[in-house]
Amino acid sequence: MHDRVEDTDETLLARVARGDRDAFARIFSAYAGKVKGYLLRLGAPAAAAEDLAQDAMVAIWRRAASFDATKAKASTWIFVIARNAWIDKLRREKTELAYRSIVIVTEESDDESPDDATMRGETEEQVSAAMSLLSEEQQQVVRLSFFEDRPHSEIAERLSLPLGTVKSRLRLALIKLRAHWEQYK
Amino acid sequence: MSPQHHPSDDVLTGYVAGALEPGFGLVAAAHIEVCAHCRARVGAFEAASGAALEALPQETISRDALSNVLARLDAPAQPINVDYRSFVERLPLKPKKWLAPGVWVAGVNTPHAPQNRVYLLSVAAGGLTARHEHSGAEFCTVLSGAYRDELGLFAAGDFAAAEGDLNHQPVVQGDEACVCLFATEGRLKPQGLLGRLAFAYADV
């Protein structure tokens, strides 16, 4: 029989890993309220903190087999589970927001302008060779968009074009330029 | 060889707290995975966080929380698939695009981090990149090969963080292409028309 007096959180988790619900209930009563407090401190609203704390407790049950008392204390392992539950929630929210912004705000905000001037041999010839592939109209939107760094909506206004026309011109310009870039392969 | 350039403790504690922007967390993770020194520090910060968790007062939880949770334990657990591939192989990469002779870039899909630009950049041996300035924060972990700039030699596993005031000109060292994982913040200013077109084309 277990000597309950000597049970530590670590031995309790080992028992949880073997499917012991009594041990789980004791871990729950020791940590559920603390995990909720931690989530509240991270800025989770009360209802979300309650839900997430319950999710974290379920995760403790499911992942208990991966707990290794020689590598970490129980409190450390439970902290990592609670933190990951929080990160996952933020990620889910961000992913949803990202998709929402694509649907609603659409390409207004999709200015594709990453950075980094890691370009080697950026020469006048290369620029003009690339640009010469484009029609006058395409060059105009490309210059405004990528050189002057104007949002699509502003380009549309300046050129008195529908937004959709600006976007399709840019898209066609990029397709033409593809051939140019591919030659570097 | 173990990495020589490490993230600051601020970065590591942010990583442990889950407070780094996701794209930046990914670049930090690329370093931590290959750096025993930083793994030990992360372990120490996690242990400190665990102790802090243990010391927190118990928040009131709903009366039926335990029975709710117990009821969920019977649901069949989703199998946990452990992915044993290396960090780089697990990256959800967009197709590789060539920007110039010996230079390619591949964006990393991070739908959860729409404000971060995360990408792999490879520059062939002997390659010289344009001198450039940073207009925002940037994290970089070297995955293979090496480069040198004003701050020193950066080889596989090394981590570099740039703030807005860094102006540097990295030069690839050795016989091997230098492949780096970058995360950059928001919109940065490329050096010119060709740079913008190239990166728009590369969709990173």
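If you're wondering where the values come from, they're calculated on a predicted model, not measured in any experiment.

### Here we look at the pairing of strand 11 (residues 178-185) of chain B
Residue and element names in this part refer to chain B.
Stage number 1. Counting buried residues in strand 11 gives seven out of eight residues, a clear majority hidden from the surface.
Stage number 2. Bridging between strand 3 (residues 116-123) and strand 11 involves eight bridges; their strand directions are antiparallel. Across the sheet, residue leucine 120 finds its bridge partner in strand 11, namely leucine 181.
Stage number 3. Here strand 5 (residues 138-144) pairs with strand 11 via six bridges, running antiparallel. Bridged to cysteine 140 within strand 11 is phenylalanine 182.

### Focus on the sheet that holds strand 1 (residues 97-100) of chain B
Residue and element names in this part refer to chain B.
Stage number 1. The six strands are arranged 1-2-3-11-5-8 in an open sheet whose pairing can be described as antiparallel. Two strands close off the open sheet at either side, each with one partner strand: strand 1 and strand 8 (159-162). Strand-to-strand twist in this sheet, taken as the mean axis angle between neighbours without regard to direction, amounts to 25°.
Stage number 2. Lying over the sheet, helix 2 (residues 22-34) contacts strand 3, strand 5, strand 8 and strand 11, oriented at roughly 35° with respect to strand 5.

### Some points on the confidence of the model for chain B
Stage number 1. Counting all residues, the mean pLDDT for chain B is 81, and 79% of those residues have values of 70 or more.
Stage number 2. Note on the complex model: pTM 0.70, ipTM 0.77.

### Examining the sheet that holds strand 10 (residues 171-173) of chain B
All names here are of chain B.
Stage number 1. Taking strand neighbours across the sheet as the criterion, the three strands line up as 7-6-10 in an open arrangement whose pairing is antiparallel. What marks the edges here is a single partner per strand, and that holds for strand 7 (152-155) and strand 10. On average, each strand axis in the sheet is inclined to that of its neighbour by 30°, with strand direction left out of account.
Stage number 2. For strand 6 (residues 146-149) and strand 10, the ladder comprises three bridges, and the chain directions are antiparallel. Bridging from a neighbouring strand, tyrosine 147 pairs with valine 172 of strand 10.

### Focus: the packing of helix 2 (residues 21-41) of chain A against helix 4 (residues 65-72) of chain B
Stage number 1. For the pair helix 2 of chain A and helix 4 of chain B, interaxial distance at closest approach is 11 Å and the crossing angle is 135°. Here helix 4 of chain B runs oblique to helix 2 of chain A, going by the angle between their axes. Here helix 2 of chain A runs over helix 4 of chain B; the crossing is right-handed. Contact with helix 2 of chain A, carried on its side by A:Arg21, A:Ala25, A:Phe28 and A:Ala32, involves B:Ala65, B:Leu66, B:Val69 and B:Leu70 of helix 4 of chain B and no other residues of that element.
Stage number 2. Looking at the contact of helix 2 of chain A with helix 4 of chain B, its residues break down into seven nonpolar, no polar and one charged.

### Here's the deal with the packing of helix 2 of chain A against helix 3 (residues 46-63) of chain A
All names here are of chain A.
Stage number 1. Following both chains from N to C, one finds helix 2 and helix 3 inclined at 140°, their axes separated by 9 Å at the closest point. Classed by the angle they form, the pair helix 2 and helix 3 counts as oblique. With respect to the hand of their crossing, helix 2 and helix 3 are arranged in right-handed fashion. Contacts between helix 2 and helix 3 involve Phe24, Ile27, Phe28, Ala32, Val35, Lys36, Leu39 and Leu40 from the first element and Ala46, Ala49, Glu50, Leu52, Ala53, Ala56, Met57, Ile60 and Trp61 from the second.
Stage number 2. Looking at side-chain class alone, the contact of helix 2 with helix 3 contains 15 nonpolar, no polar and two charged residues.

### Describing the nonpolar core
Stage number 1. Grouped together as the largest cluster of nonpolar side chains are 39 residues, with contacts concentrated most on B:Val27, B:Ala28, B:Cys180, B:Leu181 and B:Phe182.
Stage number 2. Secondary-structure elements contributing two or more residues to this core are helix 1 (9-17), helix 2, strand 2 (103-107), strand 3, strand 5, strand 8 and strand 11 of chain B.
Stage number 3. Considering every element that reaches this core, the biggest residue donor is helix 2 of chain B, with six residues.
Stage number 4. For B:Val27, the contacting residues outside a window of four places in its chain are B:Phe139, B:Cys140, B:Thr141, B:Leu181, B:Phe182 and B:Ala183.
Stage number 5. Of all hydrophobic cores here, the second largest spans 32 residues; its members include A:Ala32, A:Ala44, A:Ala53 and A:Met57.

### Re the pairing of strand 5 of chain B
All names here are of chain B.
Stage number 1. Counting buried positions along strand 5 yields six of seven residues, so the element is predominantly enclosed.
Stage number 2. Two elements, strand 5 and strand 8, share four bridges in a ladder whose sense is antiparallel. Each residue of the ladder has a partner; that of cysteine 140, found in strand 8, is alanine 160.

Rules used throughout
Residues numbered from 1 in each chain as written. Chains lettered and ligands numbered in written order. Predicted model: local features only at pLDDT ≥ 70, side-chain atom pairs only at ≥ 80, totals over all residues. Buried ≥ 20, exposed ≤ 12 C-beta atoms within 10 Å, placed from the backbone. Helix = DSSP H or I, 4+ residues; strand = E, 2+ residues; numbered from the N terminus. Pairing = 2+ DSSP bridges. Axes fitted to C-alpha atoms, helices over the stretch in contact; angles between N-to-C directions. Contact = placed C-beta atoms within 7 Å. pLDDT = per-residue confidence, 0-100. Parallel < 35°, antiparallel > 145°, perpendicular 65-115°, else oblique. Left-handed = near helix turned anticlockwise from the far one by under 90°. Nonpolar A, V, L, I, M, F, W, Y, C, P; charged D, E, K, R; others polar. Core = buried A, V, L, I, M, F, W, Y, C linked by C-beta atoms within 7 Å.

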